[in-house]
Amino acid sequence: MASIEVTFNEFETQLLINKFNTFCDKCYSKKPPRVHHCSQCDRCIFRMDHHCPFVGNCIGIANIKFFILLLVYTLLVSVLSLI
């Protein structure tokens, strides 16, 4: 088998370093990819969707299931109340 040698030039190396070693400008913590800082909660949220005033929290990877269930149950209660 032939070995494959991968070489990166200086520009590609800097792109990789900057992509995975970024820091949040607001809270000065290490920020992995797909993390966004919420200005209302003043913290970083992984895969942040939005800040929901009804829930009083940011909707991210940890609570997206519960937010969707809240929407479905609200829709069901609204339909049942109209009937």
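What you are looking at is a predicted structure, and each value in this text was computed from that prediction instead of being measured.

**Student:** Hey, could you run me through the side chain of Asn63 in this one?
**Tutor:** The residue Asn63 is located in the loop between strand S6 (57-59) and helix H2 (64-82) in this model. Within polar-contact distance, the side chain of Asn63 engages the backbone nitrogen of Gly60 at 2.9 Å. When neighbours within four sequence positions are excluded, Asn63 is seen to be in contact with Asn57 and Cys58.

**Student:** Help me understand a nonpolar patch on the surface in this model?
**Tutor:** A surface patch of nonpolar side chains, about 570 Å² in accessible area, is lined by Phe66, Ile68, Leu69, Val72, Tyr73 and Leu76. Along the chain, Ile68 falls in helix H2.

**Student:** Would you mind going over the confidence of the model for the chain with me for this structure?
**Tutor:** One rule of thumb: low pLDDT means the predicted coordinates there are not for detailed reading. Taken residue by residue, the chain gives an average pLDDT of 82. The fraction at 70 or more is 75%. Per-element confidence in the chain ranges from a low mean pLDDT of 61 for helix H1 (residues 10-20) to a high of 95 for H2.

**Student:** What exactly am I supposed to notice about the pairing of strand S4 (residues 43-46) here?
**Tutor:** Consecutive residues of a regular strand have side chains that alternate between opposite faces of the sheet. Where strand S3 (residues 35-38) lies against S4, four bridges are found, and the strand directions are antiparallel. Of the residues in S4, the one forming a bridge with His37 is Cys44. Count of turn residues in the S3/S4 antiparallel hairpin: four residues, of which Asp42 carries a positive phi of about 60°.

**Student:** I tried to follow unusual backbone geometry on my own but got confused; where do I start?
**Tutor:** When glycine is set aside, most residues are seen to have a negative phi, and most peptide bonds are trans. The phi torsion at Arg34 lies on the positive side, around 70°, for a residue other than glycine. Within the secondary structure, Arg34 is located in the loop between strand S2 (30-31) and S3. The class of Arg34 is exposed, set by a relative accessible area of 56%. A positive phi angle is found at Arg47, which is not glycine, with a value near 50°. Among the residues examined, Arg47 registers a relative accessible area of 48% and is labelled partly exposed.

**Student:** Sorry if this is basic, but what is going on with the state of the cysteines here?
**Tutor:** Cysteine pairs can be covalently joined through their sulfur atoms, and such a bond is termed a disulfide. What the rule picks out here adds up to zero disulfides. Considering cysteine sulfurs only, Cys38 is the nearest to Cys58, which forms no disulfide, with 3.1 Å between them.

**Student:** Can you walk me through the environment of Gly60 in this structure?
**Tutor:** Examined against the element boundaries, Gly60 turns out to sit in the loop between S6 and H2. Gly60 sits in the buried class, given a relative accessible area of 6%. Measuring from C-alpha to C-alpha, the distance between Gly60 and Asp49 comes to 5.6 Å, with eleven residues separating the pair along the chain. When residues no more than four places from it in sequence are discounted, the contact partners of Gly60 are Ile45, Phe46, Arg47, Met48 and Asp49.

How each quantity is defined
Residues numbered from 1 in each chain as written. Predicted model: local features only at pLDDT ≥ 70, side-chain atom pairs only at ≥ 80, totals over all residues. Heavy atoms only, no water. Helix = DSSP H or I, 4+ residues; strand = E, 2+ residues; numbered from the N terminus. Polar contact = N/O pair within 3.5 Å; in protein donor to acceptor, adjacent residues only side chain to side chain. Contact = heavy atoms within 4.5 Å. Patch = residues over 30% accessible without salt bridge, like charges linked within 9 Å, V, L, I, M, F, W, Y side chains within 5 Å. Areas by Shrake-Rupley, 256 points an atom, 1.4 Å probe, with all protein chains shown as cover. Salt bridge = Lys/Arg side-chain N within 4 Å of Asp/Glu carboxyl O. pLDDT = per-residue confidence, 0-100. Pairing = 2+ DSSP bridges. Buried < 20%, exposed > 50% of the residue type's maximum accessible area, 1.4 Å probe, protein only. Disulfide = S-S within 2.5 Å.

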